[in-house]
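One letter stands for each residue in the lines below.
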Amino acid sequence: MTKTNSAPGKATLLIYSPDRSGLVAAVTDFISVNRGNILYLEQHVDRHEGIFFMRVEWDLTDFLIPQEKIGEYFQTLYAQQYEMTFRLYFSDYRPRMAVFVSKMSHCLFDILARYTAGEWKVDLPVIISNHEDLRWVADKFGIEYYVFDMKKGQKEEVEAAQMALLKEKKIDFIVLARYMQIISENFIKSYPNRIINIHHSFLPAFVGAKPYHAAYERGVKIIGATSHYVTTELDAGPIIEQDVTRITHKNSVEDLIQKGKDLEKIVLSRAIENHINRRILVYKNKTVVFS
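Parameters at a glance
- Residues numbered from 1 in each chain as written.
- Predicted model: local features only at pLDDT ≥ 70, side-chain atom pairs only at ≥ 80, totals over all residues.
- Heavy atoms only, no water.
- Buried < 20%, exposed > 50% of the residue type's maximum accessible area, 1.4 Å probe, protein only.
- Helix = DSSP H or I, 4+ residues; strand = E, 2+ residues; numbered from the N terminus.
- Pairing = 2+ DSSP bridges.
- Right-handed = clockwise from strand over helix to strand, strands pointing away.
- 1 Å grid on protein atoms, 1.4 Å probe; cavity = no way out; pocket = protein on both sides within 12 Å on 5 of 7 lines; lining within 4 Å.
- Points joined across faces, edges and corners; volume = space filled by probe spheres on them.
- Nonpolar A, V, L, I, M, F, W, Y, C, P; charged D, E, K, R; others polar.
- Salt bridge = Lys/Arg side-chain N within 4 Å of Asp/Glu carboxyl O.
- Axes fitted to C-alpha atoms, helices over the stretch in contact; angles between N-to-C directions.
- Contact = heavy atoms within 4.5 Å.
- Parallel < 35°, antiparallel > 145°, perpendicular 65-115°, else oblique.
- Left-handed = near helix turned anticlockwise from the far one by under 90°.
- Core = buried A, V, L, I, M, F, W, Y, C linked by side-chain atoms within 4.5 Å.

J.: Just give me the short version of the pairing of strand 10 (residues 173-176), but keep the residues and values in it.
T.: A two-sided burial pattern is seen for strand 10, the buried positions comprising F173 and V175 on one face and I174 and L176 on the other. As paired elements, strand 7 (residues 96-101) and strand 10 share four bridges and run parallel to each other. Bridge pairing in strand 10 places F100 opposite L176. Relative to strand 11 (residues 195-200), strand 10 runs parallel, the two being bridged by three bridges. Paired with I174 across the bridge in strand 11 is I195. Handedness of the crossover is the feature at issue here: the chain leaves strand 10, passes through helix 6 (residues 185-190), returns alongside strand 11, and the resulting connection is right-handed.

J.: An account of the layout of surface pockets is needed here, citing residue identities and associated values.
T.: Volume-wise, the largest pocket comes out at about 820 Å³. What lines the largest pocket is a set of 32 residues, and nearest its centre among them are R178, M180, H199, H200 and D235. Those elements that provide at least two residues to the lining of the largest pocket are strand 11, helix 7 (211-218) and helix 8 (253-276). Per-element accounting of the lining of the largest pocket gives the leading share, four residues, to strand 11. The class makeup of the residues in the lining of the largest pocket is 17 nonpolar, nine polar and six charged. One number sums up the size of the second largest pocket: a volume of about 450 Å³. If you trace the second largest pocket, you find 19 residues lining it, with R87, Y89, P192, N193 and R194 closest to the centre. The leading source of residues in the lining of the second largest pocket is strand 5 (residues 85-90), at four residues. In terms of residue class, the lining of the second largest pocket is built from twelve nonpolar, three polar and four charged.

J.: Residues and numbers for the pattern of salt bridges, please.
T.: For the coordinates displayed, the defined rule picks out 18 salt bridges. Here R279 ties to E273 by a salt bridge, and the two come within 4.0 Å at their closest N and O atoms.

J.: Provide a residue-level description of the sheet that holds strand 4 (residues 51-59), including the pertinent values.
T.: If you trace the four strands from one edge of the open sheet to the other, you get 3-4-2-5, paired in antiparallel fashion. The sheet terminates laterally at strand 3 (37-46) and strand 5, the two strands that pair on one side only. Between one strand axis and the next, the sheet turns through 10 degrees on average, direction left out of account. Note: strand 2 (residues 10-18) against strand 5, six bridges, orientation antiparallel. In the strand pairing of strand 5, A11 is matched with F90. Of the strands in this sheet, strand 2, strand 3 and strand 4 touch helix 1 (residues 23-33), which is tilted by about 20 degrees from strand 4. Set on the sheet, helix 2 (residues 70-82) makes contact with strand 2, strand 4 and strand 5; between it and strand 5 the angle comes to about 155 degrees.

J.: I'd like to hear about the sheet that holds strand 7, residue by residue, with values.
T.: Spatial strand order, 9-8-7-10-11-12-13: seven strands in an open sheet with mixed pairing. Both outer strands of the open sheet, strand 9 (144-147) and strand 13 (239-246), are each paired with one neighbouring strand and no more. Going from strand to strand, the sheet's axes swing by 20 degrees on average, the running direction of each strand aside. Relative to strand 8 (residues 123-129), strand 7 is paired through five bridges, and the arrangement is parallel. Pairing of A98 across the sheet is with V126, part of strand 8. Along the sheet face, helix 5 (residues 155-168) touches strand 7, strand 8, strand 9 and strand 10 and points at about 170 degrees away from the line of strand 8.

J.: Report on the packing of helix 7 against helix 8, specifying residues and quantitative values.
T.: At a minimum axis distance of 9 Å, the contact between helix 7 and helix 8 shows a crossing angle of 125 degrees. Relative to helix 8, the element helix 7 lies oblique. Here the hand of the crossing between helix 7 and helix 8 comes out right-handed. Across the interface between the two elements, Y212, H213, A215 and Y216 from helix 7 touch V253, L256, I257, G260, K261 and E264 from helix 8. Of the residues belonging to the contact of helix 7 with helix 8, the class tally is six nonpolar, two polar and two charged.

J.: So what about helix 3 (residues 106-116)? Which residues, and what values?
T.: At 3.6 residues per turn, the α-helix brings residues three or four places apart onto the same side. Among the residues of helix 3, those classed as buried are H106, C107, L108, D110, I111 and L112. Of the surrounding secondary structure, the elements contacted by the buried residues of helix 3 are strand 7, strand 8, helix 4 (135-141), strand 10, strand 11 and helix 8. Looking one or two residues beyond helix 3, the residue adopting positive phi is G118, at roughly 75 degrees.

J.: Help me get a handle on the nonpolar core, residues and values and all.
T.: Counting residues in each nonpolar core, the largest one holds 40 residues, and the members touching the most others are M97, V99, I111, I127, L268 and I272. When residues in this core are grouped by element, the largest group, seven residues, is from helix 8. What V99 contacts, discounting residues up to four positions off in sequence, is L108, I111, L124, V126, I127, I128, V175 and A177. Of all hydrophobic cores here, the second largest spans 24 residues; its members include A11, F52, M54 and W58.

Pasting the structure below:
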């Protein structure tokens, strides 16, 4: 990640642990006794699982613990005692994102528009594809574009080259903006809960190359889009964001496709924004997305 400045910023803790009394008090005590000013706090308890979830953000201006020691102190003084699993983030670092695409451009254009407008605190150093088709888009926005031809029988070698490039570019997370390739288990395990995918919400009812045509023939009344983290189980990872729109008998197949593309852009952008802003906690195969 890229450090943006040397001035004190904000810290964010994402925590889950077995539910018990005193958890909120313990976390806020850690912050307050070290002169931290809490800016945001939200918590949730999954009663069925008996798991406590929390997101807390605080100002580091007068915080007594050096930034590089905060995680170590919290682990020793609180996390061990309360069996907390936590992730710690700082606002003076910008995550680095890579976008993977194939031939469809609608999600890519939306991402690039938001990125160049400064909507997201993120760096986008590289776009990766298995086709040349969208190189002109990357050139237009001044972003490096790499093509990796997925030749039959060479998937392992190609993905190794892709991962080497991602390491070179210091990529923190990946967005599959309608990248029409199945990612291997080894690749996914290298970026756990850091690969974001988007697709229509017709699965599993309408599979295949033309789901909108199949949905039209069936006379669906609602279509949608789903964004999720990629896992080794195809299109079944923890869901980050979803949305739907209504369809009537007046809509053509072309209408369905256009409405679907619009939903995909919106849903994917929301998922990316939540990831960048550290609002997502993954537990088992579900997410808690804080507001």
